[in-house]
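Residue strings, one per chain:
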Amino acid sequence: MEEMNELVAMRRKKLAELREAGIDPFTARFEPDISTAAIRGANETVTKDELEVEHRFAAIAGRIVAMRDFGKAAFAHLQDASGKLQLYFRKDLLGESYPLLKKMDIGDIVGVKGRVFRTKTDELTLEVTEFALLCKSLLPLPEKWHGLTNIELRYRQRYVDLIVNPQVKETFAKRSAIIKTVRDFLEAQGFIEVETPMMHQIPGGAAARPFSTHHNALDIDLFLRIAPELYLKRLLVGGYERVYELNKNFRNEGISIKHNPEFTMLEFYMAYKDYRFLMDFTEEMFAYIADKVLGTLKVPYADTIIDLSPPWPRIPLLESLRQKGVPDEVMNDRDFALRWAWEQKLEVKKDASHAKIIDEVFKEFVEQYLIQPTFITDYPVELSPLAKRKPDNPELVERFELFIGAREIANAFSELNDPIDQRGRFEKQVEERQKGDVEAHEMDEDFVRALEYGMPPAAGEGIGIDRLVMLLTNSQSIRDVILFPQMKPEQ
């Protein structure tokens with residue numbers, strides 16, 4: 001800490017000296033005419049001798065990330081958004097401006113102009129003829145190039161993480177490409193992008209605990225949305241047939257390598273389709289995204305290779321339990337299921353419903369083995385209050401969840417459009433809330449009214465964008481793919 005204080009003091013001393021000399025250490029403007037990557041690309045095959053003859057000039061700007069001073073000459077590396085390039089400063093060429101180098105530190109942002117050449121070791125370099133300090137860095141960067149290794153510090157100070165760990169920038173560039181490709185795929189299929197409210201009077205569309213706030217002018221309590229589903233389905237009632245929203249959702253729940261309280265979801269709805277169609281559609285979408293962004297359907301993830309090549313297995317939920325040796329009685333007898341779950345040391349409440357017990361058993365005995373893409377289908381109706389019942393078994397619904405890498409990455413179903421059934425499901429959810437289930441749905445009278453006007457048969461799906469990015473960037477924590485994840489207050 002003492003050493004850090006001394007470094008900061010030295011930089012502030014240089015700042016004062018610059019100002020005393022009439023030099024603005026936070027210059028307002030500099031216009032680069034090319035990036036470091038473009039310089040490299042344009043001169044990749046140009047030889048040292050050819051550069052000596054052609055005299056190619058450039059103006060670039062960026063951060064100094066390394067510097068070596070040899071008295072009458074100095075070398076530095078400048079890093080911009082596209083990469084790095086070596087700089088060469090000569091005292092005899094820069095004259096009176098050369099001493100300004102003594103006031104510069106690693107981390108300073110500079111603008112430079114000069115001639116492109118190759119050194120004796122054939123490294124592409126810019127011989128500086130003019131330079132300006134654009135922003136004085138008052139805090140030192142980590143000493144080593146990969147010096148910022150404290151994980152929590154990396155997340156908390158993402159701005160430093162991005163400077164010193166180039167692969168982090170690559171991850172977020174890839175995230176941007178993934179989201180663009182999602183949009184391209186859906187819009188080519190006739191979807192339109194919409195925006196729905198982020199503050200709801202009734203939190204709905206998912207089983208989750210919301211964040212609450214208060215609107216002073218209206219004097220009403222509001223909730224940050226846990227899902228946009230009920231508003232998007234209102235648009236189906238209104239006559240749109242294919243809609244999607246890339247949306248921020250907020251759930252007042254735990255934080256883990258899989259969960260952040262603020263996260264990004266894709267939700268889309270298609271009239272006149274069902275969940276069977278969506279399984280084919282999802283396979284096509286994921287394959288398209290992987291091919292466009294990565295150029296392959298075989299994706300490295302953790303210690304395995306995920307193969308996104310369609311088709312993917314489709315296993316009914318209850319059958320997936322049987323395949324892992326769960327007794328049939330667990331599926332058929334609620335009291336037996338509860339006793340059996342307790343014997344397996346599962347944390348299941350005494351008054352838990354049969355469906356909730358089955359869900360906990362699935363999470364323990366099946367989910368961890370779903371590494372390759374797998375659709376788990378046909379869930380109990382109680383776990384899916386917004387999904388259409390299966391005609392041949394009304395205790396189950398037409399729903400699937402997609403698991404990849406032992407994580408749920410998508411959830412979809414044939415949408416319930418029977419307003420009478422929907423009201424009954426809401427009423428059942430209200431009963432569960434009264435028993436203490438804070439994640440159960442509340443009654444949404446306006447949504448039921450919308451269904452009473454008539455919603456076409458439809459299929460809808462939600463895909464966790466953060467988890468999709470984790471998969472396609474081989475990231476093991478959701479915090480690695482969110483620029484500014486939620487953190488505890490700094491001590």
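Relevant structure appears above.
The following paragraphs examine the structure supplied in this document.

The rules behind each value
Residues numbered from 1 in each chain as written. Predicted model: local features only at pLDDT ≥ 70, side-chain atom pairs only at ≥ 80, totals over all residues. Heavy atoms only, no water. Helix = DSSP H or I, 4+ residues; strand = E, 2+ residues; numbered from the N terminus. Rg over C-alpha atoms; globule rule 2.2 N^0.38 Å. Buried < 20%, exposed > 50% of the residue type's maximum accessible area, 1.4 Å probe, protein only. Contact = heavy atoms within 4.5 Å. Areas by Shrake-Rupley, 256 points an atom, 1.4 Å probe, with all protein chains shown as cover. Lys, Arg positive; Asp, Glu negative; His and termini not counted. Charge placed at Lys NZ, Arg CZ, Asp CG, Glu CD. Arc of directions from axis to C-beta. Polar contact = N/O pair within 3.5 Å; in protein donor to acceptor, adjacent residues only side chain to side chain. Pairing = 2+ DSSP bridges.

## Notes on the overall build of the chain
Now for step 1: Helix and strand counts for the chain stand at 16 helices and 19 strands.
Now for step 2: Scaling as 2.2 N^0.38, a compact globule of 491 residues should have a C-alpha radius of gyration of about 23 Å, whereas the chain reaches 29 Å, well beyond that.
Now for step 3: C-alpha atoms of the chain, sized along the principal axes, occupy 90 × 50 × 50 Å.
Now for step 4: Out of the 491 residues in the chain, the part that is buried amounts to 48%.
Now for step 5: In the chain, the share of contacts with a sequence separation of at least 24, taken over all contacts with a separation of at least 6, comes to 65%.
Now for step 6: Taken as a whole, the chain presents about 24700 Å² of accessible surface, with 51% of it coming from carbon and sulfur.
Now for step 7: Looking at charge distribution, the chain has the averaged site of its 67 positive side-chain charges lying 5 Å from that of its 82 negative ones.

## Some points on helix α15 (residues 445-453)
Now for step 1: Looking at α15, one finds that the buried residues are Phe447, Val448, Ala450 and Leu451. Viewed along the axis of α15, the buried residues span an arc of 155°, placing them on a single side of the element. Facing away from the buried side of α15, by more than 90 degrees, are the exposed residues Glu452 and Tyr453.
Now for step 2: As for α15, its buried residues are in contact with α8 (229-237) and α14 (419-434).
Now for step 3: Near the N-terminus of α15, the side chain that reaches the backbone nitrogen of aspartate 446, with its oxygen 3.3 Å away, is that of aspartate 444.

## Points about the sheet that holds strand β7 (residues 199-200)
Now for step 1: Here we have three strands laid out as an open sheet, ordered β7-β9-β8, and antiparallel in their pairing. On the outer flanks of this sheet lie β7 and β8 (212-215), each paired with one strand and no other.
Now for step 2: The pairing of β8 with strand β9 (residues 220-224) spans four bridges and is antiparallel. Each residue of the ladder has a partner; that of serine 212, found in β9, is phenylalanine 223.

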